[in-house]
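Single-letter residue listing:
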Amino acid sequence: MSDTEESAVPMTSSKDEDIVDKKLKKGHSTSVVWRYFGYLQSDKKQSSVHCKLCRRHVPAKSGNTTNLFHHLKQYHPLEHAESKKLQPQTSAVSGPSTRTRPVPSVTTQQQTIVSAFSSTVPYDKKTKRHKDITNAIAYCIGKDMLPISTVENEGFKKLIGVLDPRYELPGRKHFSLTALPQLYAECREMVERQLQTVSFFATTSDMWSSRTSEPYMSLTIHFIDKDWNLQSKALQTAYFPEDHKGEVIAPGMIEALTSWGLSEDRQVCITTDSGSNMVKATSLNKWTRLQCFGHRLHSAIGKL
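All of these numbers come straight from a predicted model, not from anything done at the bench. (Residues numbered from 1 in each chain as written. Predicted model: local features only at pLDDT ≥ 70, side-chain atom pairs only at ≥ 80, totals over all residues. Heavy atoms only, no water.)

1. A closer look at the overall build of the protein chain
Part 1 of the reasoning: In terms of helices and strands, the protein chain carries nine helices and 11 strands.
Part 2 of the reasoning: Residues counted as buried form 30% of the 304 residues belonging to the protein chain.
Part 3 of the reasoning: When the accessible area of the protein chain is evaluated, it comes to approximately 20,900 Å², of which 55% is carbon and sulfur surface. (Helix = DSSP H or I, 4+ residues; strand = E, 2+ residues; numbered from the N terminus. Buried < 20%, exposed > 50% of the residue type's maximum accessible area, 1.4 Å probe, protein only. Areas by Shrake-Rupley, 256 points an atom, 1.4 Å probe, with all protein chains shown as cover.)

Structure (structure tokens):
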């Protein structure tokens, strides 16, 4: 029998005797294949190698591992594949010691260089990663009602730079003219699709002024969805520079409903405050009006 071949009928060790690991000399390393092989505990000189998996005797002279790998390949293919994955690429080191050291492959070196270079290159604005981050920032501004100037704050820029150094933050002009209008269009389209399935609805509306005394008219819709859940959607807060008379507000309300594809005959009622202009506007439109409880309570408390 040659040194590189196993016996046709390999010997098996006693099932009662433990197989222990190979003893290592100080300063020497061992192959990964030895995790599957060892010596009988009674074999003090460790001269007869046995497989830990099937307990077969495997000839391996002078620590040669060729037969060990061959045994795994023939009888234990899964463990053989695992050992090959764990086995590093090695290169012999000259000198009295037979120790080996890992040698990085050319492919690994190239990947390291490419990775280091690409980590400093900004994302192309057309890449999915850049678009996803920009859309997330736009959503944050819209959802939390943050000023668009937030993207120019030094603290916010620092935060984005730490989270992803490759992302270049667009200026406020991009968010005001592109990102936020696009987000509004997507949100409006989603709400319009949902409103198409609504049979009946109620609305609330109010006239109010901003801190800079600019007039606005708001419109909110309320309805029960197909799962019997109450839904409320703030459809718009529109600039309303005209005179706040009932005769002017009435057609403005109808126009607001029409812009969302809503018909008056599906509106059950509208809730407003007790302002004479709002009362007259709903009367002109012949809409059923409910008085706002919060507004009436506030007025009652004010008279105490």
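2. Some remarks on the pairing of strand 2 (residues 37–40)
Part 1 of the reasoning: Inspection of the sheet shows strand 1 (residues 19–20) paired to strand 2 by two bridges, in the antiparallel sense. In the sheet register, Ile19 faces strand 2, and the bridge partner there is Leu40.
Part 2 of the reasoning: Relative to strand 3 (residues 49–51), strand 2 is paired through three bridges, and the arrangement is antiparallel. Opposite Phe37, over in strand 3, you have Cys51 as the bridge partner. (Pairing = 2+ DSSP bridges.)

3. Some points on the environment of Ser205
Part 1 of the reasoning: Along the polypeptide, Ser205 turns up in strand 7 (residues 201–209).
Part 2 of the reasoning: A residue is classified by how much of its surface remains accessible, and Ser205, at 6% relative accessible area, is buried.
Part 3 of the reasoning: Remark: the alpha-carbon pair of Ser205 and Ser218, spanning 13 residues in sequence, is separated by 5.4 Å.
Part 4 of the reasoning: Once residues lying within four places of it in the same chain are set aside, the contact partners of Ser205 are Met217, Ser218, Leu219, Met253, Ile270, Thr271, Thr272 and Met278.
Part 5 of the reasoning: Of the polar contacts made by the side chain of Ser205, one reaches the backbone oxygen of Ser218; its length is 2.8 Å. (Contact = heavy atoms within 4.5 Å. Polar contact = N/O pair within 3.5 Å; in protein donor to acceptor, adjacent residues only side chain to side chain.)

4. Notes on the pattern of salt bridges
Part 1 of the reasoning: Taken as a whole and assessed by the stated rule, the structure comprises seven salt bridges.
Part 2 of the reasoning: Of the charged contacts, one joins Asp164 and Arg129 as a salt bridge, the two residues approaching to 3.0 Å between their closest N and O atoms. Within this pair, whereas Asp164 is found in the loop between helix 5 (154–163) and helix 6 (172–195), its partner Arg129 is found in helix 4 (residues 128–143), the two being separated by 35 residues in sequence.
Part 3 of the reasoning: Exposure remark for Asp164: the relative accessible area of 9% places this residue in the buried category.
Part 4 of the reasoning: On the basis of relative accessible area, Arg129 is assigned to the partly exposed category, the value being 42%.
Part 5 of the reasoning: Salt-bridge contacts for Lys280 lead to Glu247; the nearest nitrogen and oxygen are separated by 2.3 Å. On the criterion of sequence distance, the pair formed by Lys280 in helix 8 (residues 276–284) and Glu247 in helix 7 (residues 246–259) is long-range, its members being 33 residues apart.
Part 6 of the reasoning: Given a relative accessible area of 39%, Lys280 falls into the partly exposed group. (Salt bridge = Lys/Arg side-chain N within 4 Å of Asp/Glu carboxyl O.)

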